[in-house]
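What follows is each chain in one-letter form.
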Amino acid sequence: MARSDEYQPTPESTSALPTITPPIHDDLEQLLSILPAALREHLSNHPQRHQLIEVILDLGRRPEARFPGTADYLSEQVVSSEELDYCIDRVGQFGGDNRAGIEKTLHRISAMRNRSGTIIGLTCRVGRAVFGTVEIIRDLIEAGQSILLLGRPGVGKTTALREIARVLADDLHKRVVIIDTSNEIAGDGDIPHPAIGRARRMQVAQPEQQHQVMIEAVENHTPEVIIIDEIGTELEALAARTIAERGVQLVGTAHGNQLENLLKNPTLADLIGGIQTVTLGDDEARRRRSQKSVLERKAPPTFDMAIEMLERQRWVVHEEVATTVDHLLRGRLPETQIRTIGENGKVVITHELPDVVSQRRTTRRSATRGWREAGQMEAIAPPSSRRNGPVPAAPPAPAAAEFQALLDQQLNTDDLELSSPTGPNGEDWVPVYPYGISREQLHHVIDTLKFPVSITKDLGMAQAVLALRSHVRNHSKLKTIAKSRQIPIYTVKSNTIPQITRALQHLLNLDPKEQADAIDLALFTRQGADDELEALEEARLAVEQIVIPKGQPVELLPRSAKIRKMQHELAEHYRLKSLSFGDEPNRRLRIFPA
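Residues numbered from 1 in each chain as written. Predicted model: local features only at pLDDT ≥ 70, side-chain atom pairs only at ≥ 80, totals over all residues. Heavy atoms only, no water.

Explanation requested: a nonpolar patch on the surface in the structure shown.
Together, Leu59, Met112 and Ile120 give the surface a local cluster of nonpolar side chains, amounting to about 250 Å² of exposed area. Within the secondary structure, isoleucine 120 is located in strand E7 (residues 119-125). Classification of isoleucine 120 by relative accessible area gives partly exposed; the value is 31%. (Patch = residues over 30% accessible without salt bridge, like charges linked within 9 Å, V, L, I, M, F, W, Y side chains within 5 Å. Areas by Shrake-Rupley, 256 points an atom, 1.4 Å probe, with all protein chains shown as cover. Salt bridge = Lys/Arg side-chain N within 4 Å of Asp/Glu carboxyl O. Helix = DSSP H or I, 4+ residues; strand = E, 2+ residues; numbered from the N terminus. Buried < 20%, exposed > 50% of the residue type's maximum accessible area, 1.4 Å probe, protein only.)

Help me understand the pairing of strand E13 (residues 249-254) in this model?
Walk down a regular strand and you will see the side chains alternate between the two sheet faces. In terms of burial, E13 is largely enclosed, as 6 of its 6 residues are buried. Here E13 shows two buried faces, one formed by Gln249, Val251 and Thr253 and the other by Leu250, Gly252 and Ala254. Sheet analysis places strand E9 (residues 147-150) next to E13, joined by 3 bridges and oriented parallel. For leucine 149, the partnering residue across the bridge sits in E13 and is threonine 253. Two strands pair when backbone bridges link them, and strand E12 (residues 225-231) and E13 are joined in this way by 5 bridges, in the parallel orientation. (Pairing = 2+ DSSP bridges.)

Would you mind showing me how to read the pattern of salt bridges here?
Pairing is possible between side chains that carry opposite charge, provided their charged atoms lie close to one another. As enumerated under the stated definition, the model contains 23 salt bridges in all. The partner of arginine 138 in a salt bridge is aspartate 171, and the shortest N-O contact between them spans 3.2 Å. You can see arginine 138 sitting in helix H5 (residues 138-142) and its partner aspartate 171 sitting in helix H6 (residues 157-171), a full 33 residues away along the chain. When its relative accessible area of 34% is taken as the criterion, aspartate 171 is described as partly exposed. With its nearest N and O atoms 2.7 Å apart, the salt bridge here joins arginine 588 to glutamate 555. Here arginine 588, found in strand E26 (residues 588-592), pairs with glutamate 555, found in strand E24 (residues 554-555); they are 33 residues apart in sequence, far enough to count as distant. A relative accessible area of 21% places arginine 588 in the partly exposed class.

Just to check I follow, could you spell out the sheet that holds E7 for this structure?
Across a sheet, paired strands are connected by hydrogen bonds in the backbone, their directions being either parallel or antiparallel. Spatial strand order, E4-E3-E2-E7-E6-E5: 6 strands in an open sheet with antiparallel pairing. In this open sheet, the two strands that pair with only one neighbour each are strand E4 (70-73) and strand E5 (99-101). Strand-to-strand twist of the sheet, defined as the mean angle between neighbouring strand axes without regard to direction, takes the value 20°. With 5 bridges joining them, strand E2 (residues 54-58) and E7 adopt antiparallel strand pairing. (Axes fitted to C-alpha atoms, helices over the stretch in contact; angles between N-to-C directions.)

Where do I start with the side chain of glutamate 163 in this structure?
Here glutamate 163 is to be found in helix H6. Excluding residues that lie within four positions of it along the chain, glutamate 163 makes contacts with Val130, Phe131, Gly132, Thr133 and Val134. (Contact = heavy atoms within 4.5 Å.)

What's the story with the sheet that holds strand E23 (residues 489-492) in this structure? I'm lost.
Judged by pairing direction, the sheet is parallel, and its 4 strands sit side by side in the order E21-E20-E22-E23 without closing on themselves. Among the strands making up the open sheet, the edge pair consists of strand E21 (453-455) and E23. Going across the sheet, the axis of each strand differs from the next one's by a mean of 30°, ignoring polarity. Bridge count for strand E20 (residues 430-435) against E21 is 3 bridges, and the pairing is parallel. Residue pairing for E21: valine 432 is matched across the bridge by isoleucine 455. Relative to E21, helix H15 (residues 439-449) is tilted by about 155°, and along the sheet it contacts E20, E21 and strand E22 (464-468).

Quick question: what am I supposed to make of the environment of glutamate 76 here?
Locating glutamate 76 in the fold gives a position in the loop between E4 and helix H4 (81-88). C-alpha separation for the pair glutamate 76 and arginine 62, spaced 14 residues apart in sequence, amounts to 6.5 Å. Among the polar contacts listed, one links the side chain of glutamate 76 to the side chain of arginine 62, at a separation of 3.4 Å. (Polar contact = N/O pair within 3.5 Å; in protein donor to acceptor, adjacent residues only side chain to side chain.)

Explain the nonpolar core here, please?
The tendency in soluble globular proteins is for nonpolar side chains to be buried as a group. Ile179, Ile226, Ile243, Leu262 and Leu271 are the most contacted members of the largest nonpolar core, which has 33 residues in total. Elements with a contribution of two residues or more to this core: E9, strand E10 (176-180), helix H7 (210-221), E12, helix H8 (234-245), E13, helix H9 (259-263) and helix H11 (321-329). Per-element tally for this core: the top contributor is H7, with 5 residues. Core analysis: the next-biggest nonpolar cluster, separate from the first, contains 32 residues, Ile164, Val167, Ala199 and Val225 among them. (Core = buried A, V, L, I, M, F, W, Y, C linked by side-chain atoms within 4.5 Å.)

What am I meant to see in the packing of aromatic side chains here?
Two numbers describe a pair of aromatic rings. These are the distance of the centres and the angle of the planes. One pass over the full model with this rule turns up 0 aromatic pairs. The ring of tyrosine 73 carries arginine 62 above its face, with NZ or CZ at 4.0 Å from the centroid. Arginine 590 extends its terminal NZ or CZ atom over the ring of phenylalanine 581, reaching a point 4.0 Å from the ring centre. (Phe/Tyr/Trp six-rings, centres within 6.5 Å; stacked < 30°, edge-to-face > 60°. Lys NZ or Arg CZ within 6 Å of the ring centre and 35° of its normal.)

Right under this line is the structure:
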């Protein structure tokens, strides 16, 4: 399989995979039959009736029908309690999760109640059986591994589960049991909907009993596959692990858009192996170039594979959850498999390298909204002209340009401007590309010390790179591009004024001793307030008259935390150690000889 920075399909990934033309069955007439006559008639004649998402009936408000991209009012009259009762009488009984259904259909009716328990609002959501949706991952389903589906509400997780159950039961002839907590997968009533094929369905009396029914299914009904929708509690996660350890294939969904969300969710982290803090030995920490206390995966993941459903026809596949989690915990993004449906209806499988994935995920977080917020079912994603159809391999220059765009996005350098090419005395300015460096600190050092340095956001125009050491360590591609362009990289350990100053001095071949002799206290203060300058002058005199010549420690007067930080940076400028001690408001600085 070809791998590149570009999002491009490869011939071998498209030739063997099927063309997808999914038929849809929605039993819409049965949902319309529970509505009052006037609303039913309006929807029956609506031009977008077959794209209906849900009908909203709130007491004292006009009834509303929602479609992809729009919402229409169904009447000028507000909904009355009699109309709500009319609908309630024609649906099944509401369970503990305030959900009901219509027998032998996939529609879901959800209730809103007031404080006394009376229903004051209904959400009548259309349930559709969409056949063929899982052809995009059929080869993964046939592999027999446990699969976890992630995605925002409305992206089609439950629809996918329903189709997976049918494929496993009918096409692969496996014993499939569905744990149907809200009767959403197989529909309401005692007879399951034909959309699940030969799969069996176990209903759950109360949502909090779902974990018990999961264990009961394994113990009593000898399944080969168990399908679970919305794993949301610690007990359910523990039951899922118990099932997986008994050799049963699991297919389920969980709350969260991406795999990273589960890492931050202590309740569900066990689904992907759990997280624990480990203290490394000195040699191992040095070998890893990390801190001694690190996060590591606690156990094998419950699910072997995870799929992020970004859009209805664009899914991200993590083929080995254990490897992906290990990479994320070490601060590295793993290589990711992307599966999409092309214009010709065929499945396209490509791989994206970590830097491009990072860029697009960052973009997606800011640009993608759920259909409930946007008023439409399909995600609003950043436009891309490269998603469908073959694209020629990128030459070196565009690859560098794409990496440049990633760096700019990570650094948030959109507002950086290239300064004038020459300095005030006619000297040449050195264009520097900052990576992970505080823009405010960098500008302050350049402006205060009058360094002939300009800041550029174009890596191709830079004569040097100034970077945070930890960032460079984790991004080998920056070093590769800089080496190919013969651009030196100067690193700093932390974003402090002394370290940035020394790096720029080294870059400009200036003598640090001359700079130290003519130290400008304005370098360490921003507003130039009298009390700040007085405190810095106190520290300077203490260093130059006592600490350095006499080799004795000096204790300064009590100062605020902000001023103590400036004094710490001044001591660091002289390469001396300083510590704060005492309690507020008498906390003060002590400077030690080298």
